[in-house]
Amino acid sequence: MGIAAEALPLDGPLDGGRENASVVVEPLEAGRARFPRDFFEHEGGKLAAYSALLGRADDEAYLDVPVPAYLVRHPTAGALLVDTGLHPSIASDPSHNLGRRAAGWYSLEHGRDVTSQLRERGLGPGDIEVVVLTHLHIDHASAISEFPESTFVLSGPEWEAATGARIPLLGGYRRAHFDHAVDYRTVDFDGDGIESYGSFGRTFDLFGDGSVRLAFTPGHSAGHCSVLLRLPRRDFVVLADVSYTWRQLQGGPEPLRPQDRHNWRRSLHEAQAYIRAYPYALVVPGHDPEFWQKLDARYEK
Ligand SMILES: [Zn+2]
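Model, not experiment: these values are computed from the prediction.

1. A word on the overall build of the protein chain
Line of reasoning, step 1. Each helix and strand in the protein chain was counted, giving 10 helices and 14 strands.
Line of reasoning, step 2. The C-alpha radius of gyration of the protein chain comes to 18 Å, within 12% of the 19 Å expected for a compact globule of 301 residues.
Line of reasoning, step 3. For the C-alpha atoms alone, the extent of the protein chain along its principal axes is close to 60 × 45 × 40 Å.
Line of reasoning, step 4. Residues classed as buried in the protein chain amount to 52% of the 301 residues present.
Line of reasoning, step 5. For the protein chain, restricting intrachain contacts to residue pairs at least 6 apart in sequence, the fraction spanning at least 24 positions comes to 70%.
Line of reasoning, step 6. Carbon and sulfur atoms make up 47% of the accessible area of the protein chain, which totals about 13,700 Å².

2. With respect to the environment of R234
Line of reasoning, step 1. Tracing the backbone shows R234 in the loop between β12 (225-230) and β13 (235-240).
Line of reasoning, step 2. In this view, R234 contacts L229, Y280, A281, L282, Y299 and K301; residues no more than four positions away in its chain are not counted.

3. Regarding the pattern of salt bridges
Line of reasoning, step 1. Tallying each qualifying case throughout the model produces 13 salt bridges.
Line of reasoning, step 2. For E26, the salt bridge is made with R73, and the minimal N-O distance between the two is 2.9 Å. In this pair, E26 is assigned in strand β2 (residues 24-36) and R73 in strand β3 (residues 62-74), connecting sequence segments 47 residues apart.
Line of reasoning, step 3. Among the residues examined, R73 registers a relative accessible area of 26% and is labelled partly exposed.
Line of reasoning, step 4. As a salt-bridge pair, D190 and R202 come within 2.7 Å of each other at their nearest N and O atoms. Of this pair, D190 sits in the loop between β8 (183-187) and β9 (195-197) while R202 sits in strand β10 (residues 200-205), and the two are 12 residues apart along the sequence.
Line of reasoning, step 5. With a relative accessible area of 67%, D190 lands in the exposed category.
Line of reasoning, step 6. Connected through shared salt-bridge partners, E26, R73, R121, R298 and E300 make up one network.

4. A few points about the side chain of S142
Line of reasoning, step 1. Take S142: it is sitting in the loop between α5 (138-141) and β7 (151-155).
Line of reasoning, step 2. Classification of S142 by relative accessible area gives buried; the value is 2%.
Line of reasoning, step 3. Reaching out from S142, the side chain makes a polar contact with the side chain of N97 at a distance of 2.8 Å.
Line of reasoning, step 4. Residues in contact with S142, not counting those within four places in the same chain, are T84, G85, L86, H87, I90, N97 and H177.

5. Points about the coordination of the zinc ion
Line of reasoning, step 1. Looking at the metal site, the zinc ion is ligated by H135 (NE2), H137 (ND1), H220 (NE2) and D241 (OD), spaced 2.1 to 2.6 Å from it.
Line of reasoning, step 2. Coordination at the zinc ion is irregular, judged from the 4 donor atoms that bind it and the angles of 86 to 179° they form at the metal.

6. Observations regarding the packing of aromatic side chains
Line of reasoning, step 1. Going through the model one piece at a time under the given rule, you end up with 17 aromatic pairs.
Line of reasoning, step 2. With 6.5 Å between their ring centres and 50° between their planes, F35 and Y244 make a pair best called tilted. Linking F35 in strand β2 with Y244 in the loop between β13 and α8 (246-249), this pair joins segments that are 209 residues apart in sequence.
Line of reasoning, step 3. In this structure F35 comes out as buried when scored by relative accessible area, which is 8%.

7. Section: empty space enclosed by the protein
Line of reasoning, step 1. A full pass over the atoms with the stated rule returns 1 cavity of 30 Å³ or more.
Line of reasoning, step 2. Considering only enclosed or pocket space, the largest cavity measures out at about 50 Å³ in volume.
Line of reasoning, step 3. Every residue along the wall of the largest cavity is listed here: P68, A69, Y70, V82, D83, H140, V238, A240 and G286.
Line of reasoning, step 4. For the lining of the largest cavity, the secondary-structure elements that each account for two or more residues are β3 and β13.

8. Overview of the pairing of β10
Line of reasoning, step 1. As paired strands, β9 and β10 are joined by 2 bridges and run antiparallel to one another. Residue pairing in the sheet places Y197 in a bridge with F200 of β10.
Line of reasoning, step 2. The hairpin formed by β9 and β10 contains 2 residues between the paired strands, and G198 there has a positive phi angle of roughly 55°.
Line of reasoning, step 3. Where β10 lies against strand β11 (residues 212-216), 3 bridges are found, and the strand directions are antiparallel. Looking at the pairing, D205 lines up with R213 of β11.
Line of reasoning, step 4. Linkage of β10 to β11, two consecutive antiparallel strands, is achieved through a turn of 6 residues, within which G208 is found at a positive phi near 70°.

The rules behind these values
- Residues numbered from 1 in each chain as written.
- Predicted model: local features only at pLDDT ≥ 70, side-chain atom pairs only at ≥ 80, totals over all residues.
- Heavy atoms only, no water.
- Helix = DSSP H or I, 4+ residues; strand = E, 2+ residues; numbered from the N terminus.
- Rg over C-alpha atoms; globule rule 2.2 N^0.38 Å.
- Buried < 20%, exposed > 50% of the residue type's maximum accessible area, 1.4 Å probe, protein only.
- Contact = heavy atoms within 4.5 Å.
- Areas by Shrake-Rupley, 256 points an atom, 1.4 Å probe, with all protein chains shown as cover.
- Salt bridge = Lys/Arg side-chain N within 4 Å of Asp/Glu carboxyl O.
- Polar contact = N/O pair within 3.5 Å; in protein donor to acceptor, adjacent residues only side chain to side chain.
- Donors = N, O, S within 2.8 Å, 3.2 Å for Na, K, Ca; no water.
- Tetrahedral: all angles 85-135°; square planar, octahedral: opposite > 155°, others 65-115°.
- Phe/Tyr/Trp six-rings, centres within 6.5 Å; stacked < 30°, edge-to-face > 60°.
- 1 Å grid on protein atoms, 1.4 Å probe; cavity = no way out; pocket = protein on both sides within 12 Å on 5 of 7 lines; lining within 4 Å.
- Points joined across faces, edges and corners; volume = space filled by probe spheres on them.
- Pairing = 2+ DSSP bridges.

What is shown is where atoms sit, not what they do.
Pasting the structure below:
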């Protein structure tokens, strides 16, 4: 089954950049996910045996984690989002957007979807010029349809993997989330204009001014990207699902089933080297409940 949506390659930076620009970042909690603990941080057969021995309650086998999105304000390019969070309809009817199988994994309070949170800040969906998608997994792509006028930027391999999947849910995708006639632009990380930045081997400078970079960090999914955002005094790194938690980033238990474990480890090592080289950077893992709770509402320095 094909999809109707099309993506065009992004050949160069988007308009709107300004030399030495820095951005303001607001982390937004765009829902919650309930993931099996072992899927998240796989501690091997031992834990499973241990859990069985203790007859652990079902609830302890799950982690309740945030579904993040980020509002980024650029001085000349306008407002951007990194990921879309959960669709507003999930607050009342999860299976409509997520499908029956995935409906039980996610929850959203009324008024806590990204569009509502933007409205509280005086922004409509039409004010979001660009949405950078770290990848197309359900909890990142669920609300693409809320931003019909935005330009969506993601990696070519992620687009290919998600749109070409025979059974999307097995790869963490849901076709209805991204099969919309919006302006998709894919970045070719083997193409011109790709440069290293810090320890990240392949990055794309979105506005050509160094303020927003997509770093190719595949492995969690086929074309996963992290996003490097330049605050005035340090970088804010949306690592996304290269590492679910800070503990994992520090060499803790690996996830149960990354799309490609070899690539995943390479991407993780790039992130670890980045933290060693830039200890003052703020590097945010993908779904760490404790880490998320400690974040400020707004970063402008
Ligand atoms: Zn993911």
